Amino acid sequence: MRTVIPFFVLAVLLNAFAGGLLYWSTAEADRLTIQRQEALAALVVSQLQANVALQQESVTVWDDAVNGVSARDLDWVDVNLGSWMNSYFGHDAAYIIGGDDSPIYASVGGTVASPQRLADIWEQAAPLAAGLRSRLRAGDETGVSDRVMTIGASDLVEINGRPAILSVKPIVSDSGDIEQVPGQEHLHLAMRYLDDSLVEELQHNYLLDGLRFDWSAETGPDEVSSPLRTAGRTVLGYFVWTPFRPGSIVYAHVWPVLISLFLAGMTALAGLILVLRRRSLALTRTQAEIQHLASHDVLTGLPNRRQFEHRMAQALETVSAGGSTLALLYLDLDRFKEVNDTLGHAAGDTLLREFSERLLACARPTDMVARLGGDEFVIVVEGLEDQQEIDQLCLRVVESARHPFELAGTQVFVGVSIGVALCPRDGVSANDLSRKADIALYAAKANGRSGYAIFKDDMEALIVERRALERDLRSALDQPGQFEVHYQPLFEAKGRTLVGVESLLRWNHPTRGRVGPDAFIPLAEESGLIEALGEFVLRQACSTAKEWPIRTLAVNVSAAELKSPAYAMRVANILMSTGFSPGRLELEVTETAMSDTDGHCQANIAALREMGVHFALDDFGTGFSSLGRLQQLDVDRIKIDRSFIHGFGTDNGDEAIVRAIIHLAKATGLKTTAEGVETEEQSRILGKIGCDELQGFLLGKPCEAAALEERFFGADRTPTSAKVGGMPT
């Protein structure tokens, strides 16, 4: 008894103390959690008010908006200031009033309404508009910052028996070139209800269970409320929800255990130790889950760089212990920057998310797909049986990226380049494999992008080789005779009559032999030599083809050339000096070149088109290409990339894609040329679906000028029809 009773009393006291401490901890944890959720609800509403005002500024601080409203161009106003605010930002209504507060325009629920609908909100909006005009007349710029461009007025109000955010912003000039009388500016009123989409957003994004809006503070069992206050601190209504009570959940699980421990004595104490141990392990698992969430990319949901490095370390340990093999794939989207530059970062984010889904669909469930950052992805493939598995995976990924992406209401084409390193063949450390996969990725890009390369030992010499090739390229420009211009004929799809030629540069190196354009053209662009090469090709082609009885001489132009402010002048000088007609010259450019941000390319294109020079969009469908932007591009022709033509007869949908391109081109008044035609079946299909011109080995290979003249022109200089079999290279 002397041993048991003191021990029992001590156990009772310890259990009582533990129970009281647990109860206090439970109540405190619940209280803090509820406080945080209440603060979160208030913060989200406050941020939403600010966001509505910022969203208005995207269209109200704009010269075009001032002119459009002043001219009462209501169609323009609806597209840019009304329905767009509903479809893009989710605003429930938008109104525009004149300098005398007269209603000009109204959009309710994304649909144009009578301007008199302003009366629905005018009782609430009038004080805001009056206060804003007073501040505008006084020149008050309080609140204007790098993020906020104009003053405004905003409040929580009741409209049609529903709570809403009402924001008023002046429509002002962004350039400052339009004079406006302070206080007499047109005003833009935006309204968003708080009891529909916002409730769903809060409940979904912030885990506010059972969230609803109520005009009173009455709550049900286990519910709490948070007031919505107007600018005057008046309570408009309440958000009511069932808060998450982590303390109560823990208490409900632990308290029966404590009772059992008290009744069981020493056995219960031993059981308590066991329970505590189990709960410690459960907490460890919970922490591991939290760390797992922290180690994944927020945008795509894929593992991030940290998780990739951890997985690689584990995989390499498995390889070392069991003798298995793995592959590391580095992936890089081709011309992803152009998507961001032309369509915006939101479209770029959508592209990354959709590409991530395609990667997961291509990989096995056991493979790890991770995003390292930007448009850089990796795939870790374990348990390889042979290299054929990697070849098939790479082909699936490349093929998946070739199909169009739906971005911002338009179809966009991008490609992907892949570099592969194999373990243990190429190394057993993460650093070695990453370095060699990166080298292989460089080789894949050097081979023309939209493909893959598996690391080989000689690839490490690529960088050294590239430097040597650059030196040779500079030397070749100073020593005439190494560069030649070859010509590939272009034929009408119907009748196969020769209508033009495309000039192609060939480099006959004295020691290396024939160097392919895929090797030296990108190098010339990177090293700044492309302008000299381009001028050589254009001058040589114009001089040679001047007397040929052809309609079109096509010459490729790089984005680097078009960005030069003096490019149009150089072309004009060459045309004058050679006597070549500008109307027969067709410059082939990429969509990237036509989407520059500084405007030099567009200025050169406009100047050359004024002279009569034509333009073609080259390699359409590879890299970054957008069907939806064809109407905006100042070109006369589209050249469909050979990769789509080669896919005819397969189940990858290439024929449907080519058909869509041709139909859209015809609808926009553009001609089409198909590249890489190598079979009669391809020629037949292209003619049937309406392609205008054909180019490919079936009809004629690139050749020197003399060979072209001998075959097609003859003594009478009359173009002939193409015959199957092509021409010697």
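See the structure above.
Caption draft 1: Highlighting the packing of aromatic side chains. As enumerated under the stated definition, the model contains 15 aromatic pairs in all. Aromatic pair Phe355 and Phe377: ring centres 5.2 Å apart, planes at 70°, arrangement edge-to-face. Within this pair, whereas Phe355 is found in helix 10 (residues 345–362), its partner Phe377 is found in strand 12 (residues 376–382), the two being separated by 22 residues in sequence. Of the residues examined, Phe355 reaches a relative accessible area of 0% and is grouped as buried. Accessibility expressed as a relative area gives 1% for Phe377, which makes it buried. Judged by centre distance (5.6 Å) and plane angle (35°), the rings of Phe483 and Trp507 are tilted. Of this pair, Phe483 sits in strand 17 (residues 483–492) while Trp507 is found in strand 18 (residues 498–509), placing the two residues 24 residues apart along the sequence. The exposure class of Trp507 is buried, given its relative accessible area of 0%. Feature note: the residues Phe483, Trp507, Phe520 and Phe536 constitute an aromatic cluster, connected by ring pairs. Over the face of the ring belonging to Phe405 we find Arg358, whose NZ or CZ atom lies 3.6 Å from the ring centre. Taking NZ or CZ as reference, Arg402 lies 5.0 Å from the ring centre of Phe644, over its face.

Caption draft 2: Layout of the sheet that holds strand 2 (residues 103–108). Read from one edge to the other, the open sheet built from six strands follows the order 3-2-1-6-5-4, with strand pairing classed as antiparallel. In this open sheet, the two edge strands, each paired with only one partner strand, are strand 3 (111–113) and strand 4 (153–159). Neighbouring strand axes in the sheet, compared pairwise and without regard to direction, differ in orientation by 20° on average. Looking at chain direction, strand 5 (residues 162–170) and strand 6 (residues 187–193) are connected through seven bridges and run antiparallel. Pairing of Leu166 across the sheet is with Met191, part of strand 6.

Caption draft 3: Structural view of helix 20 (residues 654–667). Between its first and last C-alpha atoms helix 20 spans 20 Å; for 14 residues at 1.5 Å apiece the expected length is 20 Å, and the two agree. All buried positions along helix 20 are accounted for by Asp654, Ile657, Val658, Ile661, Ile662 and Ala665. For helix 20, the buried positions fall inside an angular range of 130° around the axis, keeping them on one side. Summarising the geometry of helix 20, the exposed residues directed more than 90 degrees from the buried face are Ala656 and Ala667.

Caption draft 4: Representation of the environment of Ile640 within the structure. Among the structural elements, Ile640 can be located in strand 24 (residues 637–640). Separated by 33 residues in sequence, Ile640 and Thr673 place their C-alpha atoms 6.2 Å apart. With residues near it in sequence (within four places) discarded, Ile640 still touches Phe620, Ile645, Val658, Ile661, Ile662, Thr673, Ala674 and Glu675.

About the thresholds
- Each chain carries its own residue numbering, running from 1 in the written order of its sequence.
- For this predicted model, a pLDDT threshold of at least 70 governs which residues receive local features, and a threshold of 80 or more governs which side-chain atom pairs are given and counted, while totals over whole chains, interfaces and linings are taken from all residues.
- For the side-chain quantities, the full set of heavy atoms in the structure was used; hydrogens and water were omitted.
- Two aromatic rings, drawn from Phe, Tyr or Trp (for Trp, its six-membered ring), form a pair once their centres lie within 6.5 Å of each other, and the interplanar angle then sorts them: stacked below 30 degrees, edge-to-face above 60, tilted otherwise.
- Per the convention used, a helix needs a DSSP run of H or I reaching at least four residues, while a strand needs a run of E reaching at least two, with both numbered from the N terminus.
- Three exposure classes are used, based on accessible area relative to the maximum for each residue type with a 1.4 Å probe and protein chains only: buried under 20%, partly exposed in between, and exposed over 50%.
- The criterion for a charge sitting over a ring is simple: Lys NZ or Arg CZ within 6 Å of the ring centre, and within 35 degrees of the ring normal.
- DSSP-based pairing: two strands are paired if at least 2 bridges between them are found.
- Lines fitted to C-alpha atoms define the axes, with helix axes restricted to the stretch in contact, and inter-axis angles between N-to-C directions lie between 0 and 180 degrees.
- Residue count minus one, scaled by 1.5 Å, sets the expected span of a helix.
- It is the directions from the helix axis to the C-beta atoms whose arc is reported.
- What makes two residues a contact is simply this: any of their non-hydrogen atoms within 4.5 Å.

Everything listed is a geometric property; what it means functionally is a separate question.
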